[in-house]
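Each chain, written out:
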Amino acid sequence: MTQIKSLLLLPLIALLFTQCGSSKKQKADTITVDQNTWELVWSDEFDTDGLPDTSKWNYDTRGNTYGWGNNEKQWYTVADPDNAYIRNGILTITAIKEPTENKDYSSARLTTKNKGDWQYCKVEVRAQMPTGKGTWPAIWMLSTHNSYGNWPKSGEIDIMEHVGYDPDTVHSTVHTEFFNHTIGTQVGKEIYQPTATTDFHVYSMEWDANEIRSYVDGQQYFSFKNNGEGPGAWPFDQPFHLILNLAVGGGWGGKHGIDDSLFPHQYHIDYVRIYQKELTGK
């Protein structure tokens, strides 16, 4: 009888527990990692209000003058709280319709280059996408040292990309010398995500010497395997760094135009967590 009473009380205890604390932290705390496999090595929980932590993040602006090679319409700013700011545990990257330098929009692009660089890792980012035609937020990685040459020879890992004209879908893609969009051979996959712009979701990627795997909320939907053909196919044997950005327009984001009536757009990030294999770091 005591056991039966205990079982009956469990749903009530669970209900009381879920009603305590902030919903953001409850959702974040449900993300678990097998600690026998992965060890947390780097993170930003965005718990301190203000500008992003410069011991972890850089402001990337080097491609502003030429549209980042994608005909993008934004100008990425440096340490401008209107474009990148932390408040109440959330990093918000904001794209604004305003004349900035020689562009019509401002936004922000943050990287961990030379402050967070990893060879083989698990990346987790809990985020909510903006909504509106013309937006192009991303979570992605580039080679830190370009050991095999300039893009795409040293590789690109797109953990998550989202374009505003297709709000119910997210994408994961890789680019290499042999596999990239400029020659029509890129390798990637998309997944239907109807609440990408209304709810937070965990976008993650696992990368080892043999394979790259992408997930949404723990559901794997993409993989890219090392086929043994060398760096032209697999340049992913060197350190990479993480990039968070919100682009406007461009060859993909602006494919169906930009709706200026919907600005500003906000891209919300709850946390970034990087794991590596215990002991070996691989």
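The structure presented is a predicted model; accordingly, all values stated were derived computationally and were not measured.

## Let's talk about the overall build of the protein chain
Helix and strand counts for the protein chain come out as three helices and 18 strands. Here the protein chain holds 282 residues, and 50% of them are scored as buried. Here the analysis covers contacts within the protein chain between residues at least 6 apart in sequence; of these, 72% occur between residues at least 24 apart. Summing over all exposed atoms, the protein chain offers an accessible surface of approximately 13400 Å²; the carbon and sulfur share of this is 51%.

## Observations concerning unusual backbone geometry
Here the residue pair tryptophan 151 and proline 152 is connected by a cis peptide bond, since its omega of 5° sits within 30 degrees of zero. By secondary structure assignment, the location of proline 152 is in the loop between β10 (135-143) and β11 (156-161). Across the junction of phenylalanine 263 and proline 264, the peptide omega takes the value 0°, indicating a cis bond. Of note, the phi angle at tryptophan 68 is positive, near 60°, even though the residue is not glycine. Counting through the fold element by element, tryptophan 68 comes out in the loop between β2 (58-59) and β3 (74-76). In this structure, aspartate 217 is a non-glycine residue whose phi angle is positive, near 50°.

## What to know about the nonpolar core
Judged by nonpolar contacts, the single largest core of 48 residues is most densely connected at Met141, Trp207, Tyr267, Ile269 and Val272. Within the second largest apolar cluster, five residues are counted, among which are Tyr76, Trp136, Val163 and Ala247.

## Overview of the layout of surface pockets
Summary: where empty space remains is shown by rolling a probe the size of a single water molecule over the atoms. Volume-wise, the largest pocket comes out at about 990 Å³. Taken together, 38 residues form the lining of the largest pocket, with Trp68, Asn70, Trp140, Trp151 and Glu156 sitting closest to its centre. Contributing elements (two or more residues each) for the lining of the largest pocket: β7 (109-111), β10, β11, β12 (169-175), β13 (187-192), β17 (240-248) and α3 (250-253). For the lining of the largest pocket, the leading source of residues is β10, giving five residues. Broken down by class, the residue content of the lining of the largest pocket amounts to 11 nonpolar, 18 polar and nine charged.

## Quick notes on the packing of aromatic side chains
The full count for this structure, using the stated rule, is 13 aromatic pairs. Ring plane angle 75° and centroid distance 5.9 Å describe the contact between tryptophan 136 and tryptophan 252, whose orientation is recorded as edge-to-face. Of this pair, tryptophan 136 sits in strand β10 while tryptophan 252 sits in helix α3, and the two are 116 residues apart along the sequence. Tryptophan 136 sits in the buried class, given a relative accessible area of 8%. The class of tryptophan 252 is partly exposed, set by a relative accessible area of 24%. Aromatic side chains phenylalanine 179 and phenylalanine 224 sit 5.9 Å apart centroid to centroid with 75° between the ring planes, which places their arrangement in the edge-to-face category. Linking phenylalanine 179 in the loop between β12 and β13 with phenylalanine 224 in strand β16 (residues 219-225), this pair joins segments that are 45 residues apart in sequence. The class for phenylalanine 224 is buried, based on a relative accessible area of 7%. Of the aromatic side chains, those joined through ring pairs into one cluster are Tyr120, Phe179, Trp207, Phe224, Trp234, Phe236 and Phe240. Sitting over the ring of tryptophan 42, lysine 56 keeps its end group 5.8 Å from the ring centre.

Procedures and definitions
Residues numbered from 1 in each chain as written. Predicted model: local features only at pLDDT ≥ 70, side-chain atom pairs only at ≥ 80, totals over all residues. Heavy atoms only, no water. Helix = DSSP H or I, 4+ residues; strand = E, 2+ residues; numbered from the N terminus. Buried < 20%, exposed > 50% of the residue type's maximum accessible area, 1.4 Å probe, protein only. Contact = heavy atoms within 4.5 Å. Areas by Shrake-Rupley, 256 points an atom, 1.4 Å probe, with all protein chains shown as cover. Core = buried A, V, L, I, M, F, W, Y, C linked by side-chain atoms within 4.5 Å. 1 Å grid on protein atoms, 1.4 Å probe; cavity = no way out; pocket = protein on both sides within 12 Å on 5 of 7 lines; lining within 4 Å. Points joined across faces, edges and corners; volume = space filled by probe spheres on them. Nonpolar A, V, L, I, M, F, W, Y, C, P; charged D, E, K, R; others polar. Phe/Tyr/Trp six-rings, centres within 6.5 Å; stacked < 30°, edge-to-face > 60°. Lys NZ or Arg CZ within 6 Å of the ring centre and 35° of its normal.

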